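Fold and contact review
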Amino acid sequence: MMNKVVILLVTVLWALSFLTSADEAKPFNNGFTIDLIHRDSPLSPLYNPSLTPSEIITNAAKRSVSRTSRFFFPDKAEEEEEESVLIPDRGDYLMKILIGTPPMESLAVADTGSDLVWIQCLPCEQCYSQNAPIFDPKNSSTFETLTCDSESCRSLSRYGCGSSGECRYLFHLRILHNLCPYGDRSYTVGELVSDTISFSTSNGGKSMIKYPKTTLGCGHDNDGNFRSTSTGLVGLGGGPLSLVTQLGDAIGHKFSYCLLPFSANSTSKLKFGSESSTVSRNGVVSTPLISKSPSTYYYLTLEGISIGEKKLQTEQSANNIVIDSGTTLTMLQSDFYDGFESAVKDAVDNSHEPVQDPPEPLRLCYRDISVEDLPDLTFHFSGADVHLQKMNTILKVDNLICLSIVPSERFSIFGNIAQVNFNVGYDLQEKMVSFYPADCTMDQ
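First, a word on scope: everything that follows refers to the structure included in this document. (Residues numbered from 1 in each chain as written. Predicted model: local features only at pLDDT ≥ 70, side-chain atom pairs only at ≥ 80, totals over all residues. Heavy atoms only, no water.)

Moving on, we come to the overall build of the protein. For the protein, the helix and strand inventory stands at 5 helices and 27 strands. When contacts within the protein are restricted to residue pairs at least 6 apart in sequence, long-range pairs at least 24 apart make up 70% of them. Carbon and sulfur atoms make up 51% of the accessible area of the protein, which totals about 19,600 Å². (Helix = DSSP H or I, 4+ residues; strand = E, 2+ residues; numbered from the N terminus. Contact = heavy atoms within 4.5 Å. Areas by Shrake-Rupley, 256 points an atom, 1.4 Å probe, with all protein chains shown as cover.)

By the definition in use, this model includes 6 salt bridges. Between Arg168 and Glu125 there is a salt bridge, with the nearest N and O atoms lying 3.8 Å from each other. One end of the pair, Arg168, is in strand S7 (residues 167–172); the other, Glu125, is in the loop between strand S4 (118–120) and strand S5 (144–145), and 43 residues separate them in sequence. The closest approach of N and O atoms between Glu341 and Arg363, which form a salt bridge, is 3.5 Å. Of this pair, Glu341 sits in helix H5 (residues 334–347) while Arg363 sits in the loop between H5 and strand S19 (365–367), and the two are 22 residues apart along the sequence. Classification of Arg363 as partly exposed rests on a relative accessible area of 38%. Taken together, the salt bridges that share partners define one network made up of Glu341, Lys345 and Arg363. (Salt bridge = Lys/Arg side-chain N within 4 Å of Asp/Glu carboxyl O. Buried < 20%, exposed > 50% of the residue type's maximum accessible area, 1.4 Å probe, protein only.)

Read from one edge to the other, the open sheet built from 4 strands follows the order S16-S15-S20-S21, with strand pairing classed as antiparallel. Single-partner strands in this sheet number two, and they are strand S16 (310–313) and strand S21 (384–388). Each adjacent strand pair in this sheet contributes to an overall mean axis angle of 20°, direction not counted. As paired strands, strand S15 (residues 302–307) and strand S20 (residues 377–381) are joined by 5 bridges and run antiparallel to one another. By the bridge assignment for S20, Leu302 is matched with Phe381. (Pairing = 2+ DSSP bridges. Axes fitted to C-alpha atoms, helices over the stretch in contact; angles between N-to-C directions.)

Now for the state of the cysteines. What the rule picks out here adds up to 6 disulfides. Across the disulfide from Cys124 sits Cys127; the S-S distance is 2.0 Å. Around the S-S axis, the bridge from Cys124 to Cys127 shows a dihedral of about -90° and counts as left-handed. Exposure remark for Cys124: the relative accessible area of 33% places this residue in the partly exposed category. Residue Cys127 is classed as buried on the basis of its relative accessible area of 18%. Sequence-ordered numbering of the bonded cysteines in the protein gives a disulfide pattern of 1-8, 2-3, 4-6, 5-7, 9-12, 10-11. (Disulfide = S-S within 2.5 Å.)

Turning our attention to the pairing of S21. Alternating positions in S21 separate cleanly, Ala384, Val386 and Leu388 being buried on one face and Asp385 and His387 remaining unburied on the opposite face. Alignment of S20 against S21, held across 5 bridges, turns out to be antiparallel. Residue pairing for S21: His380 is matched across the bridge by Asp385. The hairpin formed by S20 and S21 contains 2 residues between the paired strands, and Gly383 there has a positive phi angle of roughly 80°.

What follows concerns the layout of surface pockets. In this structure, the largest pocket encloses a volume near 500 Å³. In terms of lining, the largest pocket is formed by 23 residues, of which the most central are Ile57, Pro261, Phe262, Ser263 and Leu395. Here the residues of the lining of the largest pocket are counted per class, giving 17 nonpolar, 3 polar and 3 charged. (1 Å grid on protein atoms, 1.4 Å probe; cavity = no way out; pocket = protein on both sides within 12 Å on 5 of 7 lines; lining within 4 Å. Points joined across faces, edges and corners; volume = space filled by probe spheres on them. Nonpolar A, V, L, I, M, F, W, Y, C, P; charged D, E, K, R; others polar.)

Here we come to empty space enclosed by the protein. Within the structure shown, the criterion is met by 6 cavities of 30 Å³ or more. Estimated volume of the largest cavity: approximately 60 Å³. Around the largest cavity sit Leu36, Tyr93, Ala110, Leu236, Tyr257, Leu259, Leu270 and Ser325, which together line it. Of the residues contributing to the lining of the largest cavity, the split by class is 7 nonpolar, 1 polar and no charged.

In regular strands, side chains alternate between the two faces of the sheet. With 6 of 6 residues buried, strand S26 (residues 422–427) is to be regarded as a mostly interior element. Relative to S26, strand S11 (residues 254–258) runs antiparallel, the two being bridged by 5 bridges. Looking at S26, one finds that Tyr257 is bridged to Val424. Bridge count between S26 and strand S27 (residues 432–437): 6 bridges; the pairing is antiparallel. By the bridge assignment for S27, Phe422 is matched with Pro437. What sits between S26 and S27 in their antiparallel hairpin is a turn of 4 residues, with Lys431 showing a positive phi close to 55°.

Okay, here's the thing in structure tokens:
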């Protein structure tokens, strides 16, 4: 009798474990959704209620310019000497991930402008102050140190070997001189390791999925412009060690996001896998993703911009703009921007003159003007005309109405204000980016 009870108990436990595994695998195979929290949202631990809406906007604009000063685009003379690129805690969105077994929760910057997934780890040679406990590898049963001859280690542009053959990484920022007065130097140094990363999903009710043996950086020496609320960074760029590249086949090489205005009292959504698909929806437009060095960034081709009825051609080659969810403002290369700004001024009624001293780093602002007095803008990407709403192009700063588009000396970036209330889908296998107008409060 006792043997029958034991057999029955084992059978029941086996069945329960199978069901649990199936529940965990189902949202992963069908795609899954996680929350993105804008750093200036009331839901964010970085939210400062003492700041006025105008102060929040101008701070975000300054972060935007500071962030782009860290983007690395090699000149021809530099192409043979690659740099490890780190965009520190300047991204606009945060996401929760769980690392290790048992899982330890981390709040990290989600960044389409970086590749490596990394967190601070014990023991610390130099760690910046963080509110949450620092990850201790000794407490995770699934933690493994990667060696210098591992494929992941060799995919780094720069790495070293420790005394026991472990892979040592160095990621640092490279500041483009004369672009930004707000910058400072930041870096993370540590071991390249693997461990289980888990996600608490929001697929119509909370569930947990796990992705074992994810490569990440275990930072023992980290300093610079990092916030105490953030434990590290989740790279969503196109490089070999980014999260989306590592998830790869498991998500069909697809992800998307639907961004809310940063003042919203709810979270934006980041979707992986089949849930991210937008191509079958009416009104969706798609443009090719262009392969270019460095592979971190997502390059598109901007053919021109319509300002009201007037269309300006870029007169530039392909892959002339980066789409980035972590940059607030949209930036246009200076030569093209000058003609763009002139066309905007021409489209505004002559009774309105731009202010002479717009708040830094904004460039074109008006006083005593209605939002509707400013022209509609359409960005003409190769094969995709993206019609922007006023919320995608305008910022209200005190009693000013300002354009959320500014000049850049070296490159153009399609920033996150321009992407608000669009479902932006990335198909890395088909090499396409799709735009679908959406109410992101409803796309939950």
